[in-house]
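# Geometric and topological summary
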Amino acid sequence: WVNSERYLYEYDANENVTVETTQSWNLTEWINSNRTVYTYTSNHLTEKLYQQWNVTDWSNVDRYQYTYVNNNLTEELFQQYISGWNNVTVIQNSYNSENNIIETLNKRWDNGNWFLEMQFTNQYSNGNLTVVTTQEGWIDTIWTNLGLYTKNYNSNNFLIEYISRYWHSLNGWINQQRWVMTYT
């Protein structure tokens, strides 16, 4: 066996991962590669900070901030540039009473404003099993179909079929991929 890479974890008193460090083997010693620093408030994840090792210290790359309000989660992505942290994307998830994501709304930052980009709507059956996900893009001020993803499950709730379709403006939904899973 030859060393390749390893992962180091640090935890808080609530057993939440607070630091995940990846190191690579350089034939004689382990060298830092990158790490993720996790911040929690009241045991809820509120920030993920991605950093890369630059010979002697850690440099910031990406920062995700999480905000929880009622049954909704907002995830904001910032990237480090010379001038500091810049907005990149916002992802807003809405949940049903079973804590399943029913809608995901993506926005992107451009020239000082947030712009609608994409939304995903999930339908469920058998409790918490996602059956259909519809993907729409914000095009010319209206939501336009982009993708339709269907999952079928067996009586044991194992995924047995996944079908992806894309939207064609003249022909409607067009089959793109089909995966069939078997269990032995």
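Right, let's walk through the structure included here. (Residues numbered from 1 in each chain as written. Predicted model: local features only at pLDDT ≥ 70, side-chain atom pairs only at ≥ 80, totals over all residues. Heavy atoms only, no water.)

### As for the overall build of the chain
Each helix and strand in the chain was counted, giving zero helices and 13 strands. Mapped from its N terminus to its C terminus, the chain presents α and β elements in the order β-β-β-β-β-β-β-β-β-β-β-β-β. Over its C-alpha trace the chain gives a radius of gyration of 21 Å, far above what one expects of a compact globule, namely 16 Å for 184 residues. Taking all 184 residues of the chain together, the buried fraction comes to 27%. (Helix = DSSP H or I, 4+ residues; strand = E, 2+ residues; numbered from the N terminus. Rg over C-alpha atoms; globule rule 2.2 N^0.38 Å. Buried < 20%, exposed > 50% of the residue type's maximum accessible area, 1.4 Å probe, protein only.)

### Side note on the pairing of strand E8 (residues 101-110)
For strand E7 (residues 84-95) and E8, the ladder comprises seven bridges, and the chain directions are antiparallel. From the neighbouring strand, Val 90 faces E8, where its bridge partner is Lys 107. Counting the residues between successive antiparallel strands, the hairpin from E7 to E8 contains five residues, one of them, Asn 99, with a positive phi of roughly 65°. (Pairing = 2+ DSSP bridges.)

### Focus: the nonpolar core
In terms of nonpolar packing, the biggest core is built from five residues, these being Tyr 64, Tyr 66, Leu 73, Leu 77 and Val 88. Of all the elements in the fold, those that place two or more residues in this core are strand E5 (57-69) and strand E6 (72-81). Not counting residues up to four positions away in its chain, the partners in contact with Tyr 64 are Thr 46, Glu 47, Lys 48, Tyr 50, Glu 75, Glu 76 and Leu 77. (Core = buried A, V, L, I, M, F, W, Y, C linked by side-chain atoms within 4.5 Å. Contact = heavy atoms within 4.5 Å.)

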